[in-house]
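# Notes for the structure review
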Amino acid sequence: MRKLACCVTLLSAFNIGAAQAAETKACVSAGQANAIFTYILPAVFEAAGSKCSPYLDDDVALMQQKAVSYQKYVIASEQAWPTAKHGVKIMFGDKMPESMDVDAMRPFLDGLVTAMVSDGIKPKSCSTISEAYTLLEPLPAANFGGLIGLFMKLGSQSDKKPPIKICETADK
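Reading the values: rules and limits
Residues numbered from 1 in each chain as written. Predicted model: local features only at pLDDT ≥ 70, side-chain atom pairs only at ≥ 80, totals over all residues. Heavy atoms only, no water. pLDDT = per-residue confidence, 0-100. Helix = DSSP H or I, 4+ residues; strand = E, 2+ residues; numbered from the N terminus. Contact = heavy atoms within 4.5 Å. Disulfide = S-S within 2.5 Å. Buried < 20%, exposed > 50% of the residue type's maximum accessible area, 1.4 Å probe, protein only. Patch = residues over 30% accessible without salt bridge, like charges linked within 9 Å, V, L, I, M, F, W, Y side chains within 5 Å. Areas by Shrake-Rupley, 256 points an atom, 1.4 Å probe, with all protein chains shown as cover. Salt bridge = Lys/Arg side-chain N within 4 Å of Asp/Glu carboxyl O. Axes fitted to C-alpha atoms, helices over the stretch in contact; angles between N-to-C directions. Parallel < 35°, antiparallel > 145°, perpendicular 65-115°, else oblique. Left-handed = near helix turned anticlockwise from the far one by under 90°. Nonpolar A, V, L, I, M, F, W, Y, C, P; charged D, E, K, R; others polar.

### Focus on the confidence of the model for the protein
When pLDDT is averaged across the protein, the result is 80; 81% of the residues are at 70 or more. Mean pLDDT values over the elements of the protein span from 42, in helix α1 (residues 2-23), up to 93, in helix α2 (residues 30-52). Confidence drops under pLDDT 50 across residues 1-14; counting only partners more than four residues distant or on other chains, this segment forms 19 contacts. Low pLDDT, under 50, characterises residues 16-24; the predicted model gives this stretch 20 contacts beyond four residues in sequence or across chains.

### Remarks on the state of the cysteines
In this structure the tally under the stated criterion is two disulfides. The side chain of C27 participates in a disulfide bridge whose partner is C167; the two sulfur atoms lie 2.0 Å from each other. When the S-S torsion is 100°, as for the bridge of C27 with C167, the disulfide is right-handed. In this pair, C27 is assigned in the loop between α1 and α2 and C167 in the segment after α6 (141-155), connecting sequence segments 140 residues apart. Linked covalently through their sulfurs, C52 and C126 form a disulfide whose S-S length is 2.1 Å. A torsion of -80° about the S-S bond marks the disulfide between C52 and C126 as left-handed. In this pair, C52 is assigned in helix α2 and C126 in helix α5 (residues 126-136), connecting sequence segments 74 residues apart. In terms of burial, C52 and C126 fall into one category: buried. With its bonded cysteines labelled in order along the sequence, the protein shows the pairing 1-4, 2-3.

### Let's talk about a nonpolar patch on the surface
Together, L150, F151 and L154 give the surface a local cluster of nonpolar side chains, amounting to about 300 Å² of exposed area. Here F151 lies in helix α6. By relative accessible area, which is 51% here, F151 ends up exposed.

### So, the packing of α2 against helix α4 (residues 106-120)
Any two packed helices are characterised by the angle at which their axes cross and by the distance between the axes. Contact geometry for α2 and α4: axes closest at 8 Å, N-to-C directions at 40°. In terms of axis orientation, α2 runs oblique to α4. Of the two possible hands of crossing, α2 and α4 adopt the one that is right-handed. Residue-level contacts link Y39, I40, A43, V44, A47, A48 and K51 of α2 to R106, D110, V113, T114, V117 and S118 of α4. Along the lines of polarity and charge, the residues of the contact of α2 with α4 split into eight nonpolar, two polar and three charged.

This is the structure we're talking about:
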């Protein structure tokens, strides 16, 4: 029951925290955003691979998650976590109880990301996702995460509310 309560708290905190970060002054640094995106890459790719497996050939890069080259995302995810967790705390704001250990909530975060990505993928977009993955896969994992952060930052300049608000920095 306690695990269920933690999960419910985390789910509501993630939804509220993401909305709060996007709508208020709460923002994460570009480095924290890039770390968050790098951290979630394995969960995103696993969700995309699982959702798209009926629609893609087994030999496309996205479906090769057991390959040695895929392990770079797992390693980069672990390396990004210390910075990413600070961004996660900012996103959740005061919606996360002080006593809640973000490190202990990682499995729930991974599951939440997997569910959100899986729900958002439509079968007709699987070939496009696979093509994008194939084009970007040669990049180092941190660059892949940073590119997502850059797209998020560029997207935040439109009228749409981004799921993560990246703090403005002074131009030099």
